[in-house]
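# Topology and contacts: notes
The chain contents come next:
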Amino acid sequence: MNPCPYFAIVMNAGSGKQDAGAARAEIASILDAAGRPHRFFLIDGTRDIKDLVRDAAAHAKRERGAIVAAGGDGTINCVAGTAWAESLPMGVLPQGTFNFVGRTHGIPTDTRGAAEALLRATPADTQIGMVNDHVFLVNASLGLYPQVLEDRETWKQRFGRHRIVALWSGLATMMRGYRPLRIEVSDGERTRQLRTPTLFVGNNALQLEKIGLPEAAAVMRNDGTLAGLVLKPIGRLTMLGLILHGALGKLGEAENAVSFGFREITVTPKHHRHAIKVAIDGEIVRLMPPLVFRAAPRPLSLLTDRTRKPGEDPG
C-alpha cells in the first residue's frame, strides 16, 4: 500500500507554458482513475501563498497524506519549507521553467508523466539547505544574482516565461555593471575577507554538475555538504567569459571563479547592517545579517519514483 494515499496539491496558476486549468484537469483525471483522493489549493493571487500552503499542510495532516507542489522552483521551495517544518512527505509536479528539483529526482517534465510518477512514488530522505531560518532545495545567493532575478522577472512579464528570455535578461544585467560585495566569511576555523560580485551556495547536484563545479559529487552524497562559489572582482568582458564557462559546464576551471565545499559558513556583509537581498530558489527575500548557510539538521521526505534513476533526464 502506498504510504501517502491522499494528496493536498498546491498549484501555481502562473507557472510554466501549459494552461493551468488544463494541467489541473489532467492531474485530477489521472488521480481519479487510480482511485487516489486529492484536493487542489490554487495559487491565483487572491490569497497569500504562505497562508495557502499552511492550509494545505494542515489538510494533508488531517488526511494522513502528503502535500504536493505543482509549479516552478519558487512554488516548490515554499511548499518544501512547510513540509519540512511539519514533517510531512512532499511530492512534486514540475510546472516551471528550469525545474532543477524535478530533473534531479527523475520526475518527468510533462504533466501526465509527473502525475503517473507521483502515483508510484515513495518517500526518500533528501538534503535541503538553509540560510538562517529559510530552506532551499536548489540554491541561495547574494550580490549580483538577486539583481539578475529581479531583472529576469521584468523581462518575463514583457516577453514571456522562456529560457531564452531568462538568459538574455541575465546577460543584460551583468553587462550593465555591478557593485562588488565586501563580506566576511567564516567556517568556524578560518575567517576570510572577500570582495566579490556574488556569493552562490548550491544544494542541487544536477545544477552544480551542469555548470562544472567539482563539488557536485560531494553534494550528491546527501551528507550535509553544500557548495559555495565566489567570483573575483572582474570586468564586463571577463564576466562574459565566465558565463561562457558556465554554459559549457566548465565554470570550475575558470581562474576567476573559486568554488568550495562546506558544512556551515557565516557570512557578514561589511558596512551593511540592514536587511540584505538574498535569492532563494529563484525568489528574493530580505534577511538580517549575519547569514548562516548550512544543510538542514534533518532531511526532507520527498516522494520519489524509484523506477527512475536520480538525475535521469525526464524529457
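This section reports on the structure supplied with the text. All of these numbers come straight from a predicted model, not from anything done at the bench.

A few words now on the packing of aromatic side chains. Counted under the stated rule, the structure contains 1 aromatic pair. Their ring planes at 40° and their centres at 5.9 Å tell us that F260 and F262 sit as a pair that is tilted. Like F260, the residue F262 is buried in the burial classification. Over the ring of F260 we find R192, and its NZ or CZ is 5.6 Å from the ring centre.

Looking now at the packing of helix α1 (residues 20–33) against helix α5 (residues 111–120). Look at α1 against α5: their axes get within 9 Å of each other, and the N-to-C directions meet at 35°. Here the hand of the crossing between α1 and α5 comes out right-handed. Across from A23, E26, I27, I30 and L31 in α1, the residues of α5 making contact are T111, R112, A115, E116 and L119. Its residues assigned to classes, the contact of α1 with α5 shows 6 nonpolar, 1 polar and 3 charged.

What follows concerns the sheet that holds strand β10 (residues 191–196). Through backbone hydrogen bonds, the strands of a sheet pair up, either in parallel or in antiparallel fashion. Strand order in this open sheet of 6 strands is β7-β6-β17-β14-β9-β10, and the pairing throughout is antiparallel. The strands lining the two open edges of the sheet, one partner per strand, are β7 (134–136) and β10. Mean inter-strand twist for the sheet, computed between neighbouring axes without regard to direction, equals 25°. In this structure, strand β9 (residues 181–186) lies alongside strand β14 (residues 264–269), joined through 4 bridges in antiparallel fashion. Looking across to β14, one finds that E184 is bridged to T268. Contacting β6 (129–131) and β7, helix α3 (residues 73–85) runs over the sheet at an angle of about 115° to β7.

This brings us to the nonpolar core. Ranked by size, the top nonpolar core spans 51 residues in total, and within it F7, I9, V10, I67, M90, L93 and L300 carry the most contacts. For this core, the element with the most residues is α3, which contributes 6 residues. The residues contacting F7, other than those within four sequence positions of it, are L31, R36, P37, H38, R39, A66, V68, L118, L119 and L303. Residues V201, F260, I265 and V278 belong to the second largest nonpolar core, which totals 21 residues.

This brings us to the side chain of H38. Checked against the element boundaries, H38 lands in strand β2 (residues 38–43). A distance of 3.0 Å separates the side chain of H38 from the backbone oxygen of R36, its partner in a polar contact. Apart from the residues lying within four places of it in its own chain, the contact partners of H38 are Y6, F7, I9, A28, L31 and D32.

This part covers the environment of L300. Tracing the chain through its elements places L300 in strand β18 (residues 300–304). For the pair L300 and P123, spaced 177 residues apart in the sequence, the C-alpha separation amounts to 9.1 Å. If we ignore the near neighbours within four places in the chain, the residues touching L300 are A80, A83, W84, M90, A124, D125, T126, I128 and L137.

Spatial ordering of the open sheet is given by β13-β12-β11-β8-β15-β16, a layout of 6 strands whose pairing is antiparallel. The sheet is open, and its two edges are formed by β13 (257–262) and β16 (283–287), each paired on a single side. Strand-to-strand twist across the sheet, computed as the mean angle between neighbouring axes with direction ignored, equals 20°. Where strand β8 (residues 139–143) lies against strand β15 (residues 276–280), 2 bridges are found, and the strand directions are antiparallel. By the bridge assignment for β15, A140 is matched with I280.

Turning our attention to the pattern of salt bridges. This model, assessed by the stated rule, comprises 8 salt bridges. Ionic pairing is found between E86 and K61, a salt bridge with its closest N-O pair at 3.0 Å. Of this pair, E86 sits in the loop between α3 and β4 (90–94) while K61 sits in helix α2 (residues 49–62), and the two are 25 residues apart along the sequence. The shortest N-O distance in the salt bridge between R263 and D223 comes to 3.8 Å. Residue R263 is found in the loop between β13 and β14, and its partner D223 is found in the loop between α9 (216–220) and β12 (226–231); the two are separated by 40 residues along the sequence. A relative accessible area of 30% places D223 in the partly exposed class. The network of salt bridges with common partners includes E26, R112 and E116.

Rules used throughout
- Residues numbered from 1 in each chain as written.
- Predicted model: local features only at pLDDT ≥ 70, side-chain atom pairs only at ≥ 80, totals over all residues.
- Heavy atoms only, no water.
- Phe/Tyr/Trp six-rings, centres within 6.5 Å; stacked < 30°, edge-to-face > 60°.
- Buried < 20%, exposed > 50% of the residue type's maximum accessible area, 1.4 Å probe, protein only.
- Lys NZ or Arg CZ within 6 Å of the ring centre and 35° of its normal.
- Axes fitted to C-alpha atoms, helices over the stretch in contact; angles between N-to-C directions.
- Helix = DSSP H or I, 4+ residues; strand = E, 2+ residues; numbered from the N terminus.
- Left-handed = near helix turned anticlockwise from the far one by under 90°.
- Contact = heavy atoms within 4.5 Å.
- Nonpolar A, V, L, I, M, F, W, Y, C, P; charged D, E, K, R; others polar.
- Pairing = 2+ DSSP bridges.
- Core = buried A, V, L, I, M, F, W, Y, C linked by side-chain atoms within 4.5 Å.
- Polar contact = N/O pair within 3.5 Å; in protein donor to acceptor, adjacent residues only side chain to side chain.
- Salt bridge = Lys/Arg side-chain N within 4 Å of Asp/Glu carboxyl O.

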